[in-house]
Amino acid sequence: MSNTKHRKTARFSSTWLVVAVAALCVTAVNAQTLNSNGTGTHNGFYYSFWKDSGDASMTLLSGGRYTSQWGNSTNNWVGGKGWKPGARRVVTYSGSYSASGTSYLALYGWTKNPLVEYYVVENWVNYNPSTGSSLLGTINSDGGTYDLYRTQRIDAPSIEGTATFYQYWSIRRAKRTSGTITVGNHFDGWSQSGLTLGSHDYQVMATEGYQSSGSSDITVSEGSSGGGSSSSSSSSSSSSSSSSSSSSSTGGGANTITVRARGTAGSESVSLHVNNTAIQTWTMSTSMQNYTASTDATGGITVHFTNDGGDRDVQVDYIQVNGSTRQAENQATNTALYANGSCGGGSNSEWMHCNGYIGFGDVSGGGGSSSSSSSSSSSSSSSSSSSSSSSSTGGSGGDCPNVKTGGQSGNFGTTGAYCFKTQDTVNGWGVSNFTGRTISVTVNGSGTAVTTPGAQLPSKGASDYYHFDSSGGGYTWSAVYWW
């Protein structure tokens, strides 16, 4: 009997040994360890690994999984698994991550034309990469709040060799090492802050270390739906023919004004004013809806956010005045935008983070509207786009109402003509996705025009504007950038 037991035990041990060896063989076949710089595909995922020195390594495992380890001999390294090209996908990731010294766990990618390096930072150790930068805005996405920043690298390594380029940052306040990233929400947040992305290159869930040591074990995959609503849905994404429900005032009047808006919490209070008189007040839904009022009043139109607090923010897509669309991001007056460290610190945005208002120009009587502020549309629903420049002088910037700052025009959002102006100092400039377009740049909308993209611009005074006037073209995502 003891011999029988012995034989059964031996047979089980042999079987276990075969299974174990087979498993090790499968792991050995799937695994690939990188000790030098490289890119490629592995088990259906794109990978990238880069370091400037030292012992950092990354091991590619099955599916979207990888591990990494690095010591203090490495000055800087970054690597991960994901996709090429990058896109507005939903990314799910999980695993472990630890570091001593400066390190990030982030969705990381590049675009070309313009050349941009971007990070959606989910976790960081030792050093917040936004340190010393001005806050451009915030978004709420996938159960968390992210702060938006831009920094610049000069003569630094890039996917195009040594270059000068911008880095875009979306940094999660509550750190985590697993979750879902709805990537499009971050793209939209950057766009609404005036930051333009180009043509997507790669996009990976990356570990990065700088003068540090650490390790990670990360698995990434692509989901089919987002992990929560966001306060950074794409700007100008809805047309006037939207099927979403409307809330309409019951009063009659010669002028009909529709406000298309939403709240991030669903309890925001928004009021429509004409000539400093409240016409109608609504409580926002968390989805974009049309809110309509009729009035005989004439004068300046303002849309007010009145109960800021907690997680409440308001996104105004556009208003329509007697059928004519005026995009929120085209308006120069927005006292409710939190930018540059304060409420009212910016303009030309759909977002209202503080109590305040967006000014939308005037409405006249008799069912007609006149607007000094609606010239070009950033959505396909706009009724027109204005591209003409005037001969005004003295810092007025011509007739174009679209004031831009920070080195980016943002996507034009229309295949039609488009104009904008900036008081920024422009040392150099360029265009992106400009097929079929021509451009004219003047000082204050008058004088000799520069018509060659990238050509030197004439000097201007501190109170003057460069006026950029583009013809129509083939892409709605055309943009101008400068430094």
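That block above? That's the structure.
Residues numbered from 1 in each chain as written. Predicted model: local features only at pLDDT ≥ 70, side-chain atom pairs only at ≥ 80, totals over all residues. Heavy atoms only, no water.

A separate point is the overall build of the protein. A count of helical and extended segments in the protein gives two helices and 31 strands. Looking at the protein residue by residue over its 483 residues, the buried ones come to 51%. In the protein, 69% of the contacts between residues at least 6 apart in sequence involve partners at least 24 apart. (Helix = DSSP H or I, 4+ residues; strand = E, 2+ residues; numbered from the N terminus. Buried < 20%, exposed > 50% of the residue type's maximum accessible area, 1.4 Å probe, protein only. Contact = heavy atoms within 4.5 Å.)

Here four strands make up an open sheet; going across it, the order is β17-β16-β19-β25 and the pairing antiparallel. Two strands lie at the open edges of the sheet, namely β17 (277-283) and β25 (356-363), each paired on one side alone. Taken pair by pair, the neighbouring strands of this sheet meet at an average axis angle of 20°, ignoring direction. Pairing between strand β16 (residues 269-274) and strand β19 (residues 299-305): five bridges, direction antiparallel. Across the sheet, the residue bridging to Val274 is Ile301, located in β19. (Pairing = 2+ DSSP bridges. Axes fitted to C-alpha atoms, helices over the stretch in contact; angles between N-to-C directions.)

Core analysis: the biggest nonpolar cluster contains 33 residues, and Val91, Leu107, Tyr168, Ile181, Trp190, Leu197 and Met205 have the highest contact counts within it. Ignoring any residue separated from it by four or fewer positions in sequence, one finds Tyr168 in contact with Val116, Glu117, Tyr118, Tyr119, Tyr149, Arg150, Trp190, Leu195, Thr196, Leu197 and Gln408. Counting 23 residues, the second largest nonpolar core, distinct from the first, contains Leu272, Ile319, Ala328 and Ile358. (Core = buried A, V, L, I, M, F, W, Y, C linked by side-chain atoms within 4.5 Å.)

Strand pairing in a sheet relies on backbone hydrogen bonds. The paired strands run either parallel or antiparallel. Taken together, the four strands give an open sheet; going across it, the order is β26-β30-β28-β29, and neighbouring strands pair in antiparallel fashion. Where the open sheet ends on each side, the last strands, each with one partner, are β26 (418-422) and β29 (446-450). Going across the sheet, the axis of each strand differs from the next one's by a mean of 25°, ignoring polarity.

Our next topic: the state of the cysteines. In this structure the tally under the stated criterion is one disulfide. Across the disulfide, Cys343 is cross-linked to Cys354 (sulfur-sulfur distance 2.1 Å). Its torsion about the S-S bond being -80°, the disulfide of Cys343 and Cys354 is classed as left-handed. Residue Cys343 is located in strand β23 (residues 342-343), and its partner Cys354 is located in the loop between β24 (351-352) and β25; the two are separated by 11 residues in the primary sequence. (Disulfide = S-S within 2.5 Å.)

Looking now at the environment of Thr131. Turning to its location among the elements, Thr131 is positioned in the loop between β8 (116-125) and β9 (137-141). In this structure, the C-alpha to C-alpha distance between Thr131 and Tyr149, residues 18 residues apart in sequence, is 9.7 Å. Reaching out from Thr131, the side chain makes a polar contact with the backbone oxygen of Asn128 at a distance of 2.7 Å. (Polar contact = N/O pair within 3.5 Å; in protein donor to acceptor, adjacent residues only side chain to side chain.)

For the rest of this paragraph, the subject is the side chain of Asp464. Topologically, Asp464 is positioned in the loop between β29 and β30 (466-470). In this structure, Asp464 is buried with no salt-bridge partner, the nearest side chain bearing the opposite charge being Lys460 at 6.5 Å. Of note is the side chain of Asp464, whose polar atom sits 2.8 Å from the backbone nitrogen of Gly461. (Lys, Arg positive; Asp, Glu negative; His and termini not counted. Salt bridge = Lys/Arg side-chain N within 4 Å of Asp/Glu carboxyl O.)

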